[in-house]
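# Architecture at a glance
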Amino acid sequence: MTSWRRPLADRILIFYGSYRSDRQGIRLARFLVESFRDRGADVELIDAREVGLPMLDRMFKEYPSGKAPAVLEELAGKIRRADAFVFVAGEYNWGVQPGLKNLTDHFLEEWFWRPAAIASYSAGRFAGTRAALAWHGTLSETGMVVVSSALSVGPIGQALDSDANPIGDAGMSLTQAFPRFADDLAWWTNAARGQRAIQSPPY
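Quick look at the structure, then. Source: prediction; values computed, not measured.

## Here we look at the nonpolar core
- Core analysis: the largest hydrophobic core is formed by 30 residues, its most contacted members being Ile14, Leu28, Leu32, Phe36, Val86 and Phe181.
- Looking at this core, the elements that each hand over two or more residues are β1 (12-16), α1 (25-38), β3 (84-92), β5 (115-121), β6 (145-153) and α6 (168-198).
- Broken down by element, the residue count for this core peaks at 7 residues, all from α1.
- Ignoring any residue separated from it by four or fewer positions in sequence, one finds Val86 in contact with Ile12, Leu13, Ile14, Phe15, Leu32, Phe36, Ala117, Phe181 and Leu185.
- Counting 26 residues, the second largest nonpolar core, distinct from the first, contains Ile46, Ala68, Phe85 and Leu100.

Structure, rendered in structure tokens:
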């Protein structure tokens with residue numbers, strides 16, 4: 001079967017959520033940014049720690065029009081303008097990172113009718129797969145179409161060096177798995193964008 005080679009969406013947001021001082025997962029986020037850019041995508045990394053949202057008290061949509069904090073207004077606009085999303089999901093005690101979950105929960109309708117892909121990681125051999133499973137339900141509930149292909153990277157420190165370059169057998173596996181992951185997201189991105197162009201979402 002011929003691999004899908006068209007450029008990806010005009011706009012992809014890659015979300016990363018660790019707040020720890022010694023963050024290894026940022027290597028995977030940066031690897032994905034560069035890898036998608038190499039395929040012709042317009043990519044932006046959204047780092048939850050840098051965005052710095054407070055713990056959820058009021059969702060963006062719950063503010064009166066024009067009254068939401070500037071950081072929420074800006075991020076809501078970026079999400080609405082995006083064609084696809086990638087969530088870089090670390091695993092904490094079999095669960096999701098609270099920083100990334102908190103950022104995601106500030107929004108709802110802004111996510112609707114776009115595809116999302118999950119790239120998980122951990123310091124151990126399970127590579128964040130349990131967090132990825134939890135994220136699948138969360139992203140579906142917030143109105144995204146989660147593609148079936150996923151990346152699972154672990155141990156993260158043996159897959160990517162400090163400059164986000166693949167190393168060793170784990171890095172080779174990541175490099176080999178990325179094209180299918182990106183092709184899957186590209187197909188759904190183009191399908192969703194085409195459908196939105198001819199028919200408004202039902203709600």
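## Thoughts on the packing of aromatic side chains
- Following the criterion strictly, the structure yields 15 aromatic pairs and no others.
- A centroid spacing of 6.0 Å and a plane angle of 80 degrees characterise the contact between Phe31 and Phe178, whose relative ring orientation is edge-to-face. Of this pair, Phe31 sits in helix α1 while Phe178 sits in helix α6, and the two are 147 residues apart along the sequence. By the burial criterion, Phe31 is buried, and Phe178 matches it.
- Ring centres of Phe112 and Trp113 lie 6.4 Å apart, and the angle between their planes is 80 degrees; on these two criteria the pair is classed as edge-to-face.
- Taking the relative accessible area as the measure of exposure, Trp113 reaches 30% and is therefore partly exposed.
- Members of the aromatic cluster, connected to one another through ring pairs, are Phe15, Phe60, Phe85, Phe87, Phe107, Trp111 and Trp135.
- Sitting over the ring of Tyr63, Arg58 keeps its end group 5.0 Å from the ring centre.
- A cation over an aromatic ring shows up here: Arg130 above the ring of Phe126, its NZ or CZ 4.6 Å from the ring centre.

## So, unusual backbone geometry
- The omega angle of the peptide bond from Gly154 to Pro155 is -10 degrees, so this bond is cis rather than trans.
- In this model, Ala127 sits at a positive phi of 60 degrees, which is unusual for a non-glycine residue.
- Note on placement: Ala127 falls in the loop between β5 and α5 (129-141).

## A few points about the pattern of salt bridges
- Across all of its chains, the model carries 13 salt bridges by this definition.
- A salt bridge links Arg39 to Asp183, with the nearest nitrogen and oxygen atoms 2.7 Å apart. A residue pair is termed long-range when its members are at least 10 positions apart, and Arg39 in the loop between α1 and β2 (43-47) and Asp183 in helix α6 qualify at 144 residues.
- Accessibility expressed as a relative area gives 16% for Arg39, which makes it buried.
- Overall, the relative accessible area of 13% leaves Asp183 in the buried class.
- With a closest N to O distance of 3.4 Å, Glu109 and Lys61 form a salt bridge. Of the two residues, Glu109 sits in the loop between α4 (98-105) and β5 while Lys61 sits in the loop between α2 (48-51) and α3 (70-81), which places them 48 residues apart along the sequence.
- Residue Lys61 is classed as partly exposed on the basis of its relative accessible area, which comes to 43%.

Definitions and limits used
- Residues numbered from 1 in each chain as written.
- Predicted model: local features only at pLDDT ≥ 70, side-chain atom pairs only at ≥ 80, totals over all residues.
- Heavy atoms only, no water.
- Core = buried A, V, L, I, M, F, W, Y, C linked by side-chain atoms within 4.5 Å.
- Buried < 20%, exposed > 50% of the residue type's maximum accessible area, 1.4 Å probe, protein only.
- Helix = DSSP H or I, 4+ residues; strand = E, 2+ residues; numbered from the N terminus.
- Contact = heavy atoms within 4.5 Å.
- Phe/Tyr/Trp six-rings, centres within 6.5 Å; stacked < 30°, edge-to-face > 60°.
- Lys NZ or Arg CZ within 6 Å of the ring centre and 35° of its normal.
- Salt bridge = Lys/Arg side-chain N within 4 Å of Asp/Glu carboxyl O.

Shape descriptors only; they carry no functional weight alone.
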